[in-house]
Amino acid sequence: MLLHLLVPGAAARWGFPERWQRAWGIMLATMVVDLDHLLATPIFDPRRCSIGFHPLHAWPCIAAYLLLAVFPKTRLIGMGLLIHMILDGIDCLWMGFSAVG
Ligand SMILES: [Zn+2]
């Protein structure tokens, strides 16, 4: 969860040094996509992979986020969403490793 705050912060500082606070704010706002977890039962399951399960974490949505990141006007939103998906994806990988080990 902490990474969901720090990675966008680092990306904002690195990509937008002179207005990183604003960039960070916009990327943090993209965390609302996790609201789709509220549609699932149970709402929280630590052994479930979000990617491909929740409606806003499905592959067609991820493709749309890529598209958002291409255009300058929506780039920050797209980047924030993609960073979120990558972090959620890393969570899934860790889950896979712990299941094997
Ligand atoms: Zn998520």
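Residues numbered from 1 in each chain as written. Predicted model: local features only at pLDDT ≥ 70, side-chain atom pairs only at ≥ 80, totals over all residues. Heavy atoms only, no water.

Enquirer: Can you walk me through the state of the cysteines in this structure?
Expert: The term disulfide refers to a covalent linkage connecting the sulfur atoms of a pair of cysteines. On inspection of all chains with the given rule, the structure shows one disulfide. Across the disulfide from Cys49 sits Cys92; the S-S distance is 2.0 Å. Note on the Cys49 and Cys92 pair: the S-S dihedral is about 90 degrees, so by sign convention the disulfide is right-handed. Pair noted here: Cys49 is in the loop between helix H2 (20-29) and helix H3 (59-70) and Cys92 is in helix H4 (residues 75-100), with a separation of 43 residues, a long-range link. Residue classification places Cys49 among the partly exposed positions, given a relative accessible area of 29%. Free of any disulfide, Cys61 has its nearest cysteine sulfur in Cys49, 15 Å distant. (Disulfide = S-S within 2.5 Å. Helix = DSSP H or I, 4+ residues; strand = E, 2+ residues; numbered from the N terminus. Buried < 20%, exposed > 50% of the residue type's maximum accessible area, 1.4 Å probe, protein only.)

Enquirer: Please explain helix H1 (residues 2-15) as it appears in this structure.
Expert: Note: α-helices contain 3.6 residues per turn, so residues at a spacing of three or four share the same orientation. Between its terminal C-alpha atoms H1 stretches 20 Å, which fits the 20 Å expected from 14 residues at 1.5 Å a residue. Among all positions of H1, only His4, Pro8, Gly9, Ala11 and Ala12 are buried. Looking straight down H1, one finds its buried side chains confined to an arc of 165 degrees; they lie on one side. Along H1, the residues that are exposed and aim more than 90 degrees away from the buried face are Leu2 and Trp14. (Expected span 1.5 Å × (residues − 1). Arc of directions from axis to C-beta.)

Enquirer: Help me understand the coordination of the zinc ion, please; the structure alone is not making it clear to me.
Expert: Ideal donor angles around a metal are set by the shape: a four-donor tetrahedron calls for 109.5 degrees, a six-donor octahedron for 90 or 180 degrees. All of the protein donors around the zinc ion are Asp34 (OD), His57 (NE2), His84 (NE2) and Asp88 (OD); their distances to the metal are 2.0 to 2.2 Å. Considering all four donor atoms around the zinc ion, the spread of angles at the metal, 88 to 171 degrees, places the coordination shape in the irregular class. Counting residues between consecutive donors of the zinc ion along the chain gives the motif D-x22-H-x26-H-x3-D. Remark: Asp88 occurs in helix H4 and His57 occurs in the loop between H2 and H3; sequence separation between them is 31 residues. (Donors = N, O, S within 2.8 Å, 3.2 Å for Na, K, Ca; no water. Tetrahedral: all angles 85-135°; square planar, octahedral: opposite > 155°, others 65-115°.)

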